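Below, each chain spelled out in residue letters.
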Amino acid sequence: MKHRFTTLLFLVILFACKSPEQSNEPHYLSNRAPLIPTAYLELPLGSIQPEGWLKDQLQLMANGMTGHLDEIYPEVVGDRNGWLGGDGDGWERGPYWIDGLLPLAYILEDEKLKEKARR
(Lines give C-alpha, C1' and ligand atoms only; values in the text may rest on other atoms or scores of the structure.)
Protein backbone atom coordinates (compact mmCIF):
# COMPACT_ATOMS: atom_id res chain seq x y z
CA MET A 1 0.00 0.00 0.00
CA LYS A 2 2.80 2.42 0.92
CA HIS A 3 4.60 1.60 -2.36
CA ARG A 4 1.44 2.42 -4.38
CA PHE A 5 1.03 5.74 -2.59
CA THR A 6 4.68 6.66 -3.18
CA THR A 7 4.40 5.75 -6.87
CA LEU A 8 1.19 7.76 -7.24
CA LEU A 9 2.73 10.76 -5.47
CA PHE A 10 5.79 10.58 -7.73
CA LEU A 11 3.60 10.50 -10.86
CA VAL A 12 1.51 13.45 -9.68
CA ILE A 13 4.65 15.51 -9.02
CA LEU A 14 6.19 14.44 -12.32
CA PHE A 15 3.17 15.50 -14.36
CA ALA A 16 2.67 18.70 -12.35
CA CYS A 17 6.16 19.92 -13.20
CA LYS A 18 6.54 21.35 -16.67
CA SER A 19 9.66 21.23 -18.71
CA PRO A 20 11.18 24.35 -20.34
CA GLU A 21 10.04 23.14 -23.77
CA GLN A 22 6.38 23.29 -22.78
CA SER A 23 4.20 26.30 -23.34
CA ASN A 24 3.61 28.79 -20.53
CA GLU A 25 -0.03 27.69 -20.36
CA PRO A 26 -0.32 24.14 -18.96
CA HIS A 27 -3.91 23.68 -20.22
CA TYR A 28 -2.89 23.98 -23.85
CA LEU A 29 -0.77 21.05 -24.93
CA SER A 30 1.04 21.23 -28.22
CA ASN A 31 3.64 19.13 -30.01
CA ARG A 32 7.27 19.78 -29.12
CA ALA A 33 10.22 19.75 -31.52
CA PRO A 34 11.00 17.83 -33.70
CA LEU A 35 7.26 17.27 -34.26
CA ILE A 36 5.27 19.74 -36.31
CA PRO A 37 3.28 22.05 -34.02
CA THR A 38 -0.44 21.27 -33.90
CA ALA A 39 -2.65 23.63 -35.87
CA TYR A 40 -5.50 23.53 -33.34
CA LEU A 41 -5.43 23.22 -29.59
CA GLU A 42 -8.00 21.53 -27.40
CA LEU A 43 -9.51 24.03 -24.99
CA PRO A 44 -10.43 23.18 -21.41
CA LEU A 45 -14.05 22.12 -20.89
CA GLY A 46 -16.34 25.02 -20.12
CA SER A 47 -14.02 27.67 -21.54
CA ILE A 48 -16.48 28.46 -24.36
CA GLN A 49 -20.18 29.15 -23.84
CA PRO A 50 -22.77 29.19 -26.64
CA GLU A 51 -24.32 32.51 -27.63
CA GLY A 52 -26.65 33.79 -30.31
CA TRP A 53 -27.91 31.36 -32.91
CA LEU A 54 -26.16 28.32 -31.39
CA LYS A 55 -27.61 28.97 -27.94
CA ASP A 56 -31.06 29.39 -29.51
CA GLN A 57 -30.71 26.04 -31.27
CA LEU A 58 -29.61 24.31 -28.08
CA GLN A 59 -32.54 25.83 -26.21
CA LEU A 60 -34.90 24.57 -28.93
CA MET A 61 -33.47 21.08 -28.38
CA ALA A 62 -33.96 21.39 -24.63
CA ASN A 63 -37.57 22.53 -25.11
CA GLY A 64 -38.22 19.91 -27.79
CA MET A 65 -37.91 16.14 -27.97
CA THR A 66 -34.35 15.95 -26.65
CA GLY A 67 -35.35 17.59 -23.39
CA HIS A 68 -38.69 15.78 -23.11
CA LEU A 69 -38.23 12.39 -24.77
CA ASP A 70 -38.69 10.61 -21.44
CA GLU A 71 -42.20 12.13 -21.21
CA ILE A 72 -43.10 11.40 -24.84
CA TYR A 73 -41.54 7.94 -25.10
CA PRO A 74 -41.29 6.36 -21.62
CA GLU A 75 -39.67 3.18 -22.94
CA VAL A 76 -36.45 5.16 -23.31
CA VAL A 77 -35.89 5.58 -19.56
CA GLY A 78 -38.97 4.10 -17.94
CA ASP A 79 -38.88 1.73 -14.98
CA ARG A 80 -38.79 -1.34 -17.25
CA ASN A 81 -35.86 -0.10 -19.39
CA GLY A 82 -33.25 -2.85 -19.78
CA TRP A 83 -30.37 -0.41 -19.42
CA LEU A 84 -31.68 0.60 -16.01
CA GLY A 85 -32.06 -2.97 -14.74
CA GLY A 86 -35.58 -3.67 -15.97
CA ASP A 87 -36.88 -6.42 -18.25
CA GLY A 88 -38.06 -4.10 -21.05
CA ASP A 89 -36.38 -2.22 -23.85
CA GLY A 90 -32.73 -3.19 -24.18
CA TRP A 91 -32.05 -1.38 -27.43
CA GLU A 92 -29.65 1.53 -27.63
CA ARG A 93 -32.32 4.21 -27.71
CA GLY A 94 -31.75 5.16 -24.07
CA PRO A 95 -27.96 5.50 -24.28
CA TYR A 96 -28.22 7.49 -27.52
CA TRP A 97 -30.70 9.86 -25.90
CA ILE A 98 -28.46 10.31 -22.85
CA ASP A 99 -25.50 10.90 -25.18
CA GLY A 100 -27.31 14.00 -26.45
CA LEU A 101 -29.10 15.02 -23.26
CA LEU A 102 -26.11 15.04 -20.91
CA PRO A 103 -23.91 17.52 -22.81
CA LEU A 104 -26.97 19.65 -23.58
CA ALA A 105 -27.85 19.84 -19.88
CA TYR A 106 -24.37 20.90 -18.84
CA ILE A 107 -23.77 23.31 -21.73
CA LEU A 108 -27.04 25.11 -20.93
CA GLU A 109 -26.50 24.68 -17.18
CA ASP A 110 -30.09 23.41 -16.95
CA GLU A 111 -30.75 21.72 -13.59
CA LYS A 112 -33.94 19.96 -14.77
CA LEU A 113 -32.12 18.34 -17.68
CA LYS A 114 -29.18 17.43 -15.44
CA GLU A 115 -31.59 15.64 -13.10
CA LYS A 116 -33.06 13.70 -16.02
CA ALA A 117 -29.58 12.69 -17.16
CA ARG A 118 -28.52 11.55 -13.67
CA ARG A 119 -31.07 8.76 -13.61
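The written sequence of each chain sets the order in which its residues are numbered from 1. A pLDDT threshold of at least 70 governs which residues receive local features in this predicted model, and a stricter bar of 80 or more applies before side-chain atom pairs are shown or counted, although totals over entire chains, interfaces and linings include all residues. Hydrogens are left out, water is left out, and the side-chain values use all remaining heavy atoms of the structure.

**Topic: the packing of helix α2 (residues 52-63) against helix α4 (residues 93-108)**
Then, number 1: Only the stretch in contact is used when a helix axis is fitted, and all axes are lines through C-alpha atoms; the angle between N-to-C directions ranges over 0 to 180 degrees. Only DSSP runs of H or I covering at least 4 residues are called helices, and only runs of E covering at least 2 are called strands; the numbering of each starts at the N terminus. Two numbers describe how α2 lies on α4: the axes approach to 10 Å, and their chain directions differ by 125°. In terms of axis orientation, α2 runs oblique to α4. Crossing of α2 over α4 shows left-handed handedness. Of the residues in α4, those in contact with K55, L58, Q59, M61 and A62 of α2 are L104, I107 and L108. Every angle not falling under 35 degrees, over 145, or within 65 to 115 is termed oblique; those three ranges are roughly parallel, roughly antiparallel and roughly perpendicular. Note: crossing handedness is left-handed where the near helix turns anticlockwise from the far helix by less than a right angle, and right-handed where it turns clockwise. Any two residues having at least one pair of non-hydrogen atoms within 4.5 Å are treated as being in contact.

**A look at the confidence of the model for the protein**
Then, number 1: For the protein, per-residue confidence averages 79 on the pLDDT scale, and 76% of positions sit at 70 or higher.
Then, number 2: The least confident element of the protein is helix α1 (residues 2-16), whose mean pLDDT is 58; the most confident is α2, at 96.
Then, number 3: As a per-residue measure, pLDDT reflects the predictor's confidence and takes values from 0 up to 100. In the predicted structure, residues 17-23 sits below a pLDDT of 50 and forms seven contacts with residues beyond four places in sequence or in another chain.

**Brief notes about α4**
Then, number 1: The span you would expect from a helix comes to 1.5 Å times its residue count less one. The terminal C-alpha atoms of α4, which comprises 16 residues, lie 23 Å apart, in line with the 22 Å expected from a rise of 1.5 Å per residue.
Then, number 2: Burial classes follow relative accessibility: with a 1.4 Å probe on protein chains only, a residue under 20% of its type's maximum area counts as buried, one over 50% as exposed, and anything between as partly exposed. Taken together, the buried positions of α4 are G94, W97, L101, L104, A105 and L108.
Then, number 3: Taken from the residues just after α4, E109 is the one with a positive phi, measuring 55°.

**Comments concerning unusual backbone geometry**
Then, number 1: With omega at 10°, the peptide bond leading from A33 into P34 counts as cis.
Then, number 2: Tracing the backbone through its elements, the reader meets P34 in the loop between α1 and α2.
Then, number 3: A positive phi angle is found at E109, which is not glycine, with a value near 55°.
Then, number 4: One can find E109 in the loop between α4 and α5 (111-118).

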